[in-house]
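These are the residues of each chain, in order.
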Amino acid sequence: MKGRFGAYGGQYVPETLMSALEELDGAWREAWHDPGFQLELKAQLHAFVGRPTPLYAAERLTEHFGGAVIHLKREDLCHTGAHKLNNALGQALLARRMGKRRIIAETGAGQHGVATAAVCARFGLDCTVYMGSEDMRRQELNVRRMRLLGAEIREVTAGSATLKEAISEAIRDWVTNVGETHYIIGSVVGPHPYPEMVRDLQRVIGDEARDQYLIAEGRLPDVVVACVGGGSNAIGMFTAFIEDRKVRLVGVEAGGSGPGRGRNAASLVGGRPGVLHGSFSYLLQDPDGQVETTESVSAGLDYPGVGPEHSLLRDIGRAEYVAVTDAEAVAAFKLCSRLEGIMPALEPAHALHHAGRLAGRLGPDGRVLVCLSGRGDKDMESVDGFQEPAEIEVGRRV
Amino acid sequence: MSSTRATSRLEERLRANGDLKLIPYVMAGYPDAAASIELGRAYARAGAAAVEVGIPFSDPLADGPAVQRAGEVALRNGMTVAGALEVAGRVADQGVPVVLMTYVNPVLAHDPRRLAAEAAEAGVAGVIIPDLPAEEAEPVTGWLRSAGLDTIFLVAPTSPDSRLMSIAERSSGFVYCVTLTGVTGARAELDPGLDRLLERVRRSTPLPIAAGFGISRPEHLARLRGKVDAAIVASALLNRLHEGGDPVALVEELLAGCR
């Protein structure tokens, strides 16, 4: 079926958007197969984003965990500070090609908003970003960056005032202004063709990392680890390794303050399939189909849904998904800063914590590749304000 | 398909005597369960041809502020799918066809087969699911239809003629014509391009057409008379309630605009 990953995905949106999605699907397919578009995308990925990003041997983290060798794919070195720009750039080029001059986006941590604001500045497009008031508070630096880049920020106060509500409001804007507007969704979520299109634009992460890893290590890693909110950096990383059956793929979700309703954002670990924001996928919902509120120290992972392709990868067992708590992620944030001189964003700090667990289990012959999806400057306040419940040893379960 | 279809109760009611009909909306559980039942029944007594009963959903993508706010209140009040079916049943007891309006996730969570059976048992006539476009309709609409419920699909100003035809073919009871490009909510004026859209929809289906989104004033109804079979009014009534006014009086004013 069109736009499906097994049973997942689809286009559960108001009729008003259906012809726009069809137009987008057609325009995307045409652009993706056009050598001219690919050439321009590649040139901009290099000159504007700074690709390829390096593969980095995390020697002191490896030594600290005393097990498998850990490498980091340095998406934190992308311009604007995260992998989000890979997608925003590609979609902005597409919007320009489609003649859409107005761009809307949602943002949680602010990284996708900043990336979108930057490409809109770069290409002279009008930019409006929807952001929950709770996220505006905890990611205040990114709000200022977006404004400086010329974007208009629209505060969303409904519900828990985080990423879910920001996406809902962006979709409502799109329903209203669909003719002249392109919606740059920031993750592999939403109705078809978004999950496919965002994956295609993010797969550059894994494609580069796989080549770099083979050159550096002469072999493939045993495990590839990435954090999963909507799941775009994880899909971007996993796609290159899907056919490498011996490479384990692990997605790390936000475990928040622990298991239990409303306390985390781990939809693949604790949810069941349902429809949110246009696609059928794992979802944190109550028995009556109402979407649950979520909790995570990391605004970028604080989302009750997940990209539909992850749901398929989970069901067929090609990828496994685990949860890491707020306290564990904050501890990993500090550890990586101190040992490697790299301040990771709180989102990939979840992945780093789990990489520590895996390193111990795999032993010194093991190889772990982690997607360091963004940098952590934006999270300084959240980390400083975080009340640590107890001593956390990174890599161990509390 | 259309040549062999049976005429439903809803369809008959919307066609009767050729007048413009009114379909007011209540959100089950807003301002509370008992009040929503009373409102639905009062709308029926006032002369509504059918009543739309909303089942609240946490993330209503097609709705503007009025319906969003009503849904939030209803959920805070503990409204559930089962509770909303009870509200619908009590309104239907008044002898008016009731149409459920909800989103696809509560339907899936409740189990579409079970929801269809329970809705039919409660006396519901049809179901509208605005985030279930024609492409994704099955298996949900199959269950609804086999329980004898009408499946009402929406068409929008952005739907090309080719889509209008396929949407109309899947619909029964009536076709819901969204009058504007946007979300629900009272508007001061109807869309200037509405007449052309209504002509396009009329050419695509023999079913009655109900216009909805943005309709809030008697003069809007005067403009729709003779062009559609019914008008759906939701946000204007919810706003009236929110402001502490009498929505039944507004229904009476709107009904005067239908004649």
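Here the structure is shown first, and the text comes after it.
To keep things clear, this report deals only with the structure shown in the data block. Since the model is a prediction, treat every value here as computed from it, not as a measurement. (Residues numbered from 1 in each chain as written. Chains lettered and ligands numbered in written order. Predicted model: local features only at pLDDT ≥ 70, side-chain atom pairs only at ≥ 80, totals over all residues. Heavy atoms only, no water.)

Bringing the overall build of chain A into the picture now. Looking only at helices and strands, chain A has 16 helices and 14 strands in total. Since a compact globule built from 398 residues should have a radius of gyration of about 21 Å, the 19 Å found for chain A is in line with a globular shape. Counting only C-alpha atoms and orienting by the principal axes, one finds that chain A spans roughly 55 × 45 × 45 Å. Counting over 398 residues, chain A shows a buried share of 67%. In chain A, of all internal contacts separated by at least 6 residues, the share reaching a separation of at least 24 is 75%. Carbon and sulfur atoms form 50% of the exposed surface of chain A, whose accessible area is close to 13,500 Å². The average position of the 44 basic charges and that of the 52 acidic charges among the side chains of chain A differ by 2 Å. (Helix = DSSP H or I, 4+ residues; strand = E, 2+ residues; numbered from the N terminus. Rg over C-alpha atoms; globule rule 2.2 N^0.38 Å. Buried < 20%, exposed > 50% of the residue type's maximum accessible area, 1.4 Å probe, protein only. Contact = heavy atoms within 4.5 Å. Areas by Shrake-Rupley, 256 points an atom, 1.4 Å probe, with all protein chains shown as cover. Lys, Arg positive; Asp, Glu negative; His and termini not counted. Charge placed at Lys NZ, Arg CZ, Asp CG, Glu CD.)

All names here are of chain A. Strand order in the open sheet formed by four strands is S7-S6-S5-S8, with parallel pairing between adjacent strands. Single-partner strands in this sheet number two, and they are strand S7 (152–156) and strand S8 (181–183). Adjacent strand axes in the sheet meet at a mean angle of 25° when their direction is disregarded. (Pairing = 2+ DSSP bridges. Axes fitted to C-alpha atoms, helices over the stretch in contact; angles between N-to-C directions.)

Let us now look at the interface of chain A and chain B. In this assembly, 33 residues from chain A lie in contact with 36 residues from chain B. Of the roughly 2,600 Å² buried at the junction of chain A and chain B (both faces included), carbon and sulfur atoms supply 52%. Three residues stand out in chain A for area buried against chain B, namely Glu15, Arg172 and Asp288 of chain A, and they jointly supply 26% of the buried area on that side. Inspection of the region where chain A meets chain B yields three salt bridges. Here Glu15 of chain A and Arg163 of chain B are joined by a salt bridge, their closest N and O atoms 2.7 Å apart. Where chain A touches chain B, the interface holds 16 residue pairs in polar contact (both at pLDDT 80 or more). (Buried area = accessible area lost by both parts, 1.4 Å probe. Salt bridge = Lys/Arg side-chain N within 4 Å of Asp/Glu carboxyl O. Polar contact = N/O pair within 3.5 Å; in protein donor to acceptor, adjacent residues only side chain to side chain.)

So, about the packing of aromatic side chains. Two aromatic rings are characterised by how far apart their centres lie and by the angle between their planes. All names here are of chain A. Counted according to the given criterion, the structure contains nine aromatic pairs over all chains. Centroid distance Trp28 to Phe37: 6.2 Å. Interplanar angle 90°. Geometry classified as edge-to-face. By relative accessible area, Phe37 is classed as buried at 3%. Taken together, Tyr8, Phe280 and Tyr282 form an aromatic cluster joined through their ring pairs. (Phe/Tyr/Trp six-rings, centres within 6.5 Å; stacked < 30°, edge-to-face > 60°.)

So, on to the pairing of strand S14 (residues 367–372) of chain A. Residues and elements named next belong to chain A. Among the six residues that make up S14, six are buried, leaving the element largely enclosed by the rest of the structure. The alternating pattern of S14 places Arg367, Leu369 and Cys371 on one face and Val368, Val370 and Leu372 on the opposite face, and all of these are buried. Bridge analysis of strand S9 (residues 223–227) against S14 gives three bridges, and the strand direction is parallel. Within S14, the position partnered with Val224 by the bridge is Leu369.

A few words now on helix H13 (residues 308–315) of chain A. By the burial criterion, the buried members of H13 of chain A are Pro308, Glu309, His310, Ser311 and Leu313 of chain A. Count one or two residues on from H13 of chain A and you reach Gly317 of chain A, which has phi positive near 80°.

Attention shifts here to the pattern of salt bridges. Residue and element names in this part refer to chain A. All chains considered together, the criterion is met by 44 salt bridges over all chains. For Asp25, the salt bridge identified is with Arg29, shortest N-O distance 3.0 Å. Placement of the pair is Asp25 and Arg29 together in helix H1 (residues 15–32), with a separation of four residues, close to one helical turn. With relative accessibility at 38%, the residue Arg29 sits in the partly exposed group. Asp377 is the partner of Arg375 in a salt bridge, and the nearest nitrogen-oxygen pair spans 3.3 Å. Its relative accessible area of 37% is what places Asp377 among the partly exposed residues. Among the charged side chains, a salt-bridge network with shared partners connects Arg51, Lys73, Glu75 and Glu208.

Take the side chain of Asp135 of chain A next. Counting through the fold element by element, Asp135 of chain A comes out in helix H6 (residues 133–138). In this view, Asp135 of chain A contacts Thr107, Gly108, Ala161, Thr162, Leu163 and Ala299 of chain A; residues no more than four positions away in its chain are not counted.

Residue and element names in this part refer to chain A. Compared with the 20 Å implied by 1.5 Å per residue over 14 residues, the 20 Å span of helix H10 (residues 204–217) between its first and last C-alpha is a close match. If you check which residues of H10 are buried, you get Val204, Ile205, Gly206, Glu208, Ala209 and Tyr213. Contacts from the buried residues of H10 go to strand S3 (55–57), strand S4 (69–74), helix H4 (84–98), helix H9 (194–202), helix H11 (232–238) and S14. A positive backbone phi angle near 70° is found at Gly218, which sits one or two residues after H10. (Expected span 1.5 Å × (residues − 1).)

For the rest of this paragraph, the subject is the packing of helix H2 (residues 33–46) of chain B against helix H4 (residues 81–92) of chain B. Residue and element names in this part refer to chain B. Running from N to C, H2 and H4 cross one another at 30°; their axes reach a closest spacing of 8 Å. In this view, H2 runs roughly parallel relative to H4, as classed from their interaxial angle. Classified by chirality, the crossing of H4 by H2 is right-handed. Note on element contacts: H4 touches H2 through Val87, Arg90 and Val91, opposite Ala33, Ser36, Ile37, Gly40 and Arg41. (Parallel < 35°, antiparallel > 145°, perpendicular 65-115°, else oblique. Left-handed = near helix turned anticlockwise from the far one by under 90°.)

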